[in-house]
Each structure stands twice: as C-alpha cells, then as structure tokens.
Amino acid sequence: MNVNEHEERQDQSGDDAQVGTGASLDAGGVPEAAIPELVIISGMSGAGRSTAAKCLEDLGWFVVDNLPPALIPTMVELGARSQGNVARIAVVVDVRGRRFFDNLRESLADLAAKHVTRRIVFLESSDEALVRRFESVRRPHPLQGDGRIVDGIAAERELLRELRGDADLVIDTSSLNVHELRAKMDAQFAGEEEPELRATVMSFGFKYGLPVDADLVADMRFLPNPHWVPELRPFTGLNEEVSAYIFNQPGAKEFLDRYAELLRLVAAGYRREGKRYVTIAIGCTGGKHRSVATSEKLAARLAAEGVETVVVHRDMGRE
C-alpha cells in the first residue's frame, strides 16, 4: 500500500471544508496559555498528506482536512475557548482550496501576532513517484486541467515552492509506504515533551540519488570502499569489522570529530531560529558500507549530546 492510497480516496471532497460556526471570535480575551499547539500539513498531492493527518489524529490531535487558510486563526481561537479540550490542532492545507491559498501567509502572520506555536510539515515526493500514484488510482491531478499529470505536478510544485521553504519538517515519501510514513510522523510527534531539536541521520548511496529532504549532506567517498575488500563485501556498515576497517583509515576519525563539531555549531543556530527538525544525509557510492557506519557513529554522538536522533539507512539492501 503506498502513502497516497488513503489520501486519494479522501480527495473526493469539495474545495471547502465545512466549519460549523458563524461566530466571530476575538483572541484578545483568551489567555495565551490556553492557545492550542498548531501543525499545518501541506505538500504535494499524492505525497501522503492524509496519511500524515490520520497519524496525528491517532495521536490525539484535533484534525481538520482542507480548511481554507483564512479560517485557521478562527479554528485556533475556537480551540483556545474549549477549556483545554482541544490542546493540539492539525490543519491540512492544499491546492484543493486553491482560491483560498493566497490567504495563507496573512493567516500565518496573524497566528504569529497571537503567539500561536505553529509548525509546518511538508510532504514531498519525486515526479516519477507522483505520476505512478495518480496513474494507479486513475485520477487526474487537481491542477492538470486539460494537460498531463506532469503539468499539474509542475504547477503545484511552483505554487508550493515558498511554503516548502518555510517548512519546519520536510518528509520525502518517494520510497516510503504507509507504515514507514506513519513511523516518521510518530518519531516526530509521539513524545510527551517537545525536545529542543530532533535529528534524522540518513545513510544513502549517491548512485540512487540525493535525498530531497536533506538539510545537510556529507560525502564519505573520500575513504577506501570496503566493497573492494572480498571478506568485507558481503557485510554492511552495521558490522563491526566493516566499521573498524573504515575508521582505521586516514582521515576517518578526524572527519567524524570535525563534522560533529560543525553540527554542534549548526544545531545551536537552528535552535536560535526555532528550527526543530534536521535531516543529515551521509552518502557513499552504494549506501551500504561507509555511509552506514558513519551514520551510526554520528547518531551516537548526537544522542550523547542530548539531541533526539533517528537513524535511517535508505539504500542498505538495495544491491
């Protein structure tokens, strides 16, 4: 089951979400402590927005699908007046409500003025994966009009470009199934307390392409490749013999020390800027030996320094 199967079924709704109130609320009379936490879920059609929303719903969030952006502040005000019954709100915003989409930036500014803690989660996917998903359900892209699916994807990607740049968390679902996407959402939102910074350390193989959701990328191809050592070739970077071989090479330990020091500097800047999530991609040729061993070592260092860390080996096992 791919990540957009549930989403495509739910996309049958109209352009507007139904909001069952006509009240005009003023957040000025609401104590700041009562204002609920807000997550805005957006991204490419077919990339898994509905799956991400369902995951938050299962975690106890109050989820509103396809709410016009202009109504987001009103939704938050209603939650603030719920006497603590609605402490966390997730809103799905997408191009189905495109005539309201231009109001999003104004709504975000309004939320900032009211001291609302908000995060933006952006679901990304490759053009190839999106075309395959739309073709599998035999439905047109919401923006393709009389053109092709790829035309709709290109139009949507351009429309969402600025929002993607503002996102606190970008998740690339190109190679994820429903369960893997839910695991990523759980890793970010299931905790009772919000940590200062959460890191995903991802190993990958350059021959399979760069991870599109990476914030930082390091290249381990400057080290000798264990693939050319016959007794190490069958193993991965998780194997102690492979890891020992890699970190006995000139420059390996020095790289790890200096890169960890660089990440401490970057992490401090991310915290100052309010960025809560970072994806660190570590690459080698095939994503099996050098990148895997380095990712494990780096993740251990981050965890020891109090950074909540998840390790993902994207391409291990693909050979």
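Here is what the cut-offs are and how they apply
Residues numbered from 1 in each chain as written. Predicted model: local features only at pLDDT ≥ 70, side-chain atom pairs only at ≥ 80, totals over all residues. Heavy atoms only, no water. Phe/Tyr/Trp six-rings, centres within 6.5 Å; stacked < 30°, edge-to-face > 60°. Helix = DSSP H or I, 4+ residues; strand = E, 2+ residues; numbered from the N terminus. Buried < 20%, exposed > 50% of the residue type's maximum accessible area, 1.4 Å probe, protein only. Axes fitted to C-alpha atoms, helices over the stretch in contact; angles between N-to-C directions. Parallel < 35°, antiparallel > 145°, perpendicular 65-115°, else oblique. Left-handed = near helix turned anticlockwise from the far one by under 90°. Contact = heavy atoms within 4.5 Å. Nonpolar A, V, L, I, M, F, W, Y, C, P; charged D, E, K, R; others polar. Pairing = 2+ DSSP bridges.

Help me understand the packing of aromatic side chains, please; the structure alone is not making it clear to me.
One pair of aromatic rings is described through two measures. These are the centre distance and the angle between the planes. In this structure the tally under the stated criterion is five aromatic pairs. With a centroid separation of 6.3 Å and 50 degrees between ring planes, the pair formed by phenylalanine 189 and tyrosine 277 is classed as tilted. Here the residue phenylalanine 189 occupies a position in helix H9 (residues 178-189), and tyrosine 277 occupies one in strand E8 (residues 277-284), the gap between them amounting to 88 residues. Here phenylalanine 189 matches tyrosine 277 in class, with each residue buried. Measuring from ring centre to ring centre gives 5.3 Å for phenylalanine 255 and tyrosine 259, while their planes differ by 10 degrees; the resulting arrangement is stacked.

Whenever I open this one, the packing of helix H6 (residues 127-137) against helix H7 (residues 149-159) confuses me. Can you help?
At a closest axis distance of 10 Å, the pairing of H6 and H7 adopts a crossing angle of 125 degrees. The angle between H6 and H7 falls in the class oblique. For the pair H6 and H7, the sense of crossing is right-handed. Every residue of H7 that contacts H6 at Asp127, Leu130, Val131, Phe134 and Glu135 is listed here: Ile149, Val150, Ile153 and Arg157. Looking at side-chain class alone, the contact of H6 with H7 contains six nonpolar, no polar and three charged residues.

What is the right way to look at the sheet that holds E8 in this model?
In a beta sheet, neighbouring strands pair by backbone hydrogen bonds and run either parallel or antiparallel. Reading across the sheet, the four strands line up as E7-E8-E6-E9 and stay open at both edges, with parallel pairing between neighbours. Whereas interior strands pair on both sides, the edge strands pair on one side only; in this sheet they are strand E7 (216-219) and strand E9 (308-313). Across the sheet, the mean angle separating the axes of adjacent strands is 20 degrees when strand polarity is ignored. Here strand E6 (residues 198-205) runs beside E9; their pairing, made up of six bridges, is parallel. Paired with valine 201 across the strands is valine 311, a residue of E9. Across the sheet, H9 is in contact with E6, E8 and E9; its angle to E6 comes to roughly 150 degrees. Its contacts with the sheet place helix H11 (residues 252-272) against E7 and E8, and it is angled at close to 175 degrees to E7.

By themselves, these figures tell us nothing about what the structure is for.
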